[in-house]
Structure formats: C-alpha cells, structure tokens
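What the coordinates show
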Amino acid sequence: QVQLVESGGGLVQAGDSRRLSCVASGRTFSYYAMSWFRQAPGKEREFVAAITGSGGNTYYADSVKGRFTISRDNAKTTMYLQMNSLKPEDTAVYLCAGGPVFSQNARTYKSWGQGTQVTVSS
C-alpha cells in the first residue's frame, strides 16, 4: 500500500478553477490505479475520476466530465485533479485513493488519503 496526502482545497467562487494534488509515498506508485472521490455532508462517497497506472486511460463521472481533468506524474509520485468551472454542488471533501484495479468502485481501493475540503460559494 501507499500513503496518500491530499492538498489544494479551499474556498472558491462559482466559476473558479482549483487544482488538487495527491502525493504518494513509496516507489511503486506507477503500479497503482488512482482515483478521486468526494463526499459532501450527509451524502455517500461519490466517484469523481480515475486514472490507470501509466496515465494512459482516464474515466470521469458524468457530473464532472468536461470540467475536471485527472492526471499523474509518476516521477513525482503525484496525482492531480484540475477542476474548472466549479459549481456549488462540487462542494465536498475530496479524497484520493490508490489500488490495483482501474475502477470507479470505492471498495477496490486499498489506500486512502485524509481528504481536502473544497467549498464553492455561489
């Protein structure tokens, strides 16, 4: 497993952009599929985006497709989530996750970060 630490959250206005980062420990980062999930108060954890170990394939939830971009830099053991055209409904704690399977199912991910809060004001 890898240890994951997110950063980049904060308070933004609707329409703004923000980039989240997830730094992983360990030299096997490129072996892991990585994903972003989010959880708003009183709601279940929601899949946002996933990327394969090589970065060659990505997958997005319909709610963020065309606005968010997931990427990774294996040399820096870091994954990113570029969020554009943010909406109030994007407000949530954003968590990064790593696992052996490229999936939108949270149960397939073995390593989780603590999360970073993103709040979008209208």
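Everything below is about the structure printed above this text.
Residues numbered from 1 in each chain as written. Predicted model: local features only at pLDDT ≥ 70, side-chain atom pairs only at ≥ 80, totals over all residues. Heavy atoms only, no water.

Alternating positions in strand 7 (residues 68-73) separate cleanly, F68, I70 and R72 being buried on one face and T69, S71 and D73 remaining unburied on the opposite face. Pairing between strand 7 and strand 8 (residues 78-83): 6 bridges, direction antiparallel. The residue of strand 8 that forms the bridge with T69 is Q82. Hairpin remark: strand 7 followed by strand 8, antiparallel, with 4 residues in the connecting loop; positive phi at T77, about 45°. (Buried < 20%, exposed > 50% of the residue type's maximum accessible area, 1.4 Å probe, protein only. Helix = DSSP H or I, 4+ residues; strand = E, 2+ residues; numbered from the N terminus. Pairing = 2+ DSSP bridges.)

Let's shift gears to the packing of aromatic side chains. What the rule picks out here adds up to 5 aromatic pairs. Geometrically, the ring pair formed by F37 and W112 is tilted, given 5.1 Å between the ring centres and 50° between the ring planes. Placement of the pair is F37 in strand 4 (residues 33-39) and W112 in strand 10 (residues 111-112), with a sequence separation of 75 residues. By relative accessible area, F37 is classed as buried at 1%. Residue W112 is classed as partly exposed on the basis of its relative accessible area, which comes to 25%. These aromatic residues form a ring-pair network of at least three members: F37, F47, Y59, Y109 and W112. Sitting over the ring of W112, R45 keeps its end group 4.6 Å from the ring centre. The aromatic ring of F29 is capped on one face by R72, whose charged end is 4.3 Å from the ring centroid. (Phe/Tyr/Trp six-rings, centres within 6.5 Å; stacked < 30°, edge-to-face > 60°. Lys NZ or Arg CZ within 6 Å of the ring centre and 35° of its normal.)

On to the pattern of salt bridges, then. Per the counting criterion, the structure on display carries 4 salt bridges. Ionic pairing is found between D90 and R38, a salt bridge with its closest N-O pair at 2.9 Å. Placement of D90 in the loop between strand 8 and strand 9 (92-99) and of R38 in strand 4 is noted, with a sequence separation of 52 residues between them. The same class applies to D90 and to R38, which are both buried. For R67, the salt bridge goes to D90, with nearest N and O atoms at 2.8 Å. Residue R67 is found in the loop between strand 6 (58-60) and strand 7, and its partner D90 is found in the loop between strand 8 and strand 9; the two are separated by 23 residues along the sequence. (Salt bridge = Lys/Arg side-chain N within 4 Å of Asp/Glu carboxyl O.)

Once that is clear, we can look at the nonpolar core. The biggest cluster of nonpolar side chains holds 33 residues, and the ones touching the most others in it are W36, M79, L81 and Y94. Going through the elements one at a time, strand 3 (18-24), strand 4, strand 5 (46-51), strand 7, strand 8, strand 9 and strand 11 (116-121) are the ones with two or more residues in this core. Considering every element that reaches this core, the biggest residue donor is strand 5, with 5 residues. Those residues within four positions of M79 in sequence are excluded, and the remaining contacts are L20, S21, C22, F29, M34, S35, W36, I51, I70, S71, R72 and C96. (Core = buried A, V, L, I, M, F, W, Y, C linked by side-chain atoms within 4.5 Å. Contact = heavy atoms within 4.5 Å.)

What follows concerns the side chain of S21. The residue S21 is located in strand 3 in this model. Its relative accessible area of 14% is what places S21 among the buried residues. With near-sequence residues (within four places) excluded, S21 lies in contact with V5, E6, S7, W36, T78, M79 and Y80.

Read these as spatial facts, not as claims about activity.
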